[in-house]
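Analysis of the macromolecular model
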Amino acid sequence: MTTTLITNIGSLVTNDPALGEGPLGLLQDAAVVIDGDRIAWVGAADKAPAADAAFNANGRALIPGFVDSHSHLLFAGDRTAEFNARMSGRAYSAGGIRTTVAATRAATDAQLEANLLRHLDEARRQGTTTFETKSGYGLTVADEARALRIAAAHTEEVTYLGAHIVSPDYAEDPAGYVDLVTGEMLAACAPYARWVDVFCEKGAFDGDQARAILTAGAAAGLIPRVHANQLGHGPGVQLAVELEAASADHCTHLTDADVDALAQAADTTVATLLPGAEFSTRAQWPDARRLIDAGVTVALSTDCNPGSSYTSSMPFCIALAVRDMRMTPDEALWSATAGGARALRRGDIGYVTPGARADLALLDAPSHVHLAYRPGVPLVSAVWQKGVRAH
């Protein structure tokens, strides 16, 4: 198996305090050895062992590959007209999803996969090495199952989101749609998925419906995660904690009780913040500072989707989190790497430590702080995914 030495790293973020300074485990003048798809060694550059091949980082910063733990990439079409109208004053609501549902149903498998691959390549070039993605734009048994089948060919982190909104076909019978989502649709989709999700929100599914959907998914072997408290106060966060969901995602509108519940569940349920959604909808920003100070585990993700957050850029979301959600640059980077790994209940990604998967991003900058300091600048100059340098 070929080994590769990455040397002359100016600043290395390991996310392992045992290896370096502070929560990010920062090392200066460092080196990393990759063996196959794993990190074999981390330490000072002048103590690095020999390897089969070498890469000179030339004093630049090396970080773990980003872990995007919330995206919606199985879709067709776009919602340019909706975005244009929203920027002209119309409020965002869950209803616009129906436009994407119609386009997705009309697309071929090949078109859906090509769109997925285009977005994955776009994200990889910006440093993302692990991504989660969901169904939710088909809302029929066949369309949800094919979306998950296509996704499962490209990631281990696949989420069944038949409960994105009530299907237009069941507009007059939401209870019937919940029965479908928890019955025939779940049976068809579970073999392709690891996770089950629900949009617990006014205009989508209420607390009782969400509980029934997540409980059925868990009984089928899927792990719950929840779209919670994005558009207003509601039961989503409390439900996520109650059911020991891996994450409560959005967390924009929170009561003190919601924050306390997430803090008590910090080892179980991650609060995943999605600043691209607030940016794209001109909505209230989540208060990351409030959550972090309370002891909540926080992740950052793109929420890449054609309606409310059409960005695949984790660096952009880091810059937003620092500027508008009161996170420090260190906190934002941790949340976009190790935090995302926690939201996916993974210990092998989000870290640069021996035994971890060799997922790395080299920045054309001397420090990870430049991700927030230089927003909008394409700083990722090289990416290794499972030990292979991407081109």
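Our subject is the structure that appears above.
Residues numbered from 1 in each chain as written. Predicted model: local features only at pLDDT ≥ 70, side-chain atom pairs only at ≥ 80, totals over all residues. Heavy atoms only, no water.

Topic: the packing of aromatic side chains
Basically, it comes down to this: Ring pairs shown here join Phe, Tyr and Trp side chains whose ring centres sit within 6.5 Å, with only the six-membered ring taken for Trp; geometry is labelled stacked below 30 degrees between planes, edge-to-face above 60, and tilted in between. Secondary structure elements follow DSSP: runs of H or I no shorter than four residues count as helices, runs of E no shorter than two count as strands, and numbering proceeds from the N terminus. The buried label applies to any residue whose accessible area, calculated with a 1.4 Å probe on protein chains only, is under 20% of its type's maximum; exposed applies above 50%, and partly exposed to all values in between.
Taken as a whole and judged by the stated rule, the model has six aromatic pairs. When the ring of Y177 is compared with that of F205, the centres are 6.4 Å apart and the planes differ by 25°; the resulting orientation is stacked. Here Y177 is found in helix α5 (residues 174-182), whereas its partner F205 is found in the loop between β9 (195-200) and α7 (207-219), with 28 residues between them in sequence. Each member of the pair Y177 and F205 is classed as buried. With centroids separated by 5.1 Å and ring planes inclined at 85°, the aromatic side chains of F279 and F316 adopt a geometry described as edge-to-face. Linking F279 in helix α10 (residues 275-281) with F316 in helix α12 (residues 314-324), this pair joins segments that are 37 residues apart in sequence. Overall, the relative accessible area of 45% leaves F279 in the partly exposed class. The class of F316 is partly exposed, set by a relative accessible area of 24%.

Points about unusual backbone geometry
Note on backbone geometry: most residues besides glycine have negative phi, and most peptide bonds are trans. Backbone geometry places N8, a non-glycine residue, at a positive phi of 60°. Position of N8 relative to the elements: it lies in strand β1 (residues 3-12). Accessibility expressed as a relative area gives 35% for N8, which makes it partly exposed. Here L139, not a glycine, exhibits a phi torsion of approximately 60°, which is positive. Look at L139 and you get buried, because its relative accessible area is 1%.

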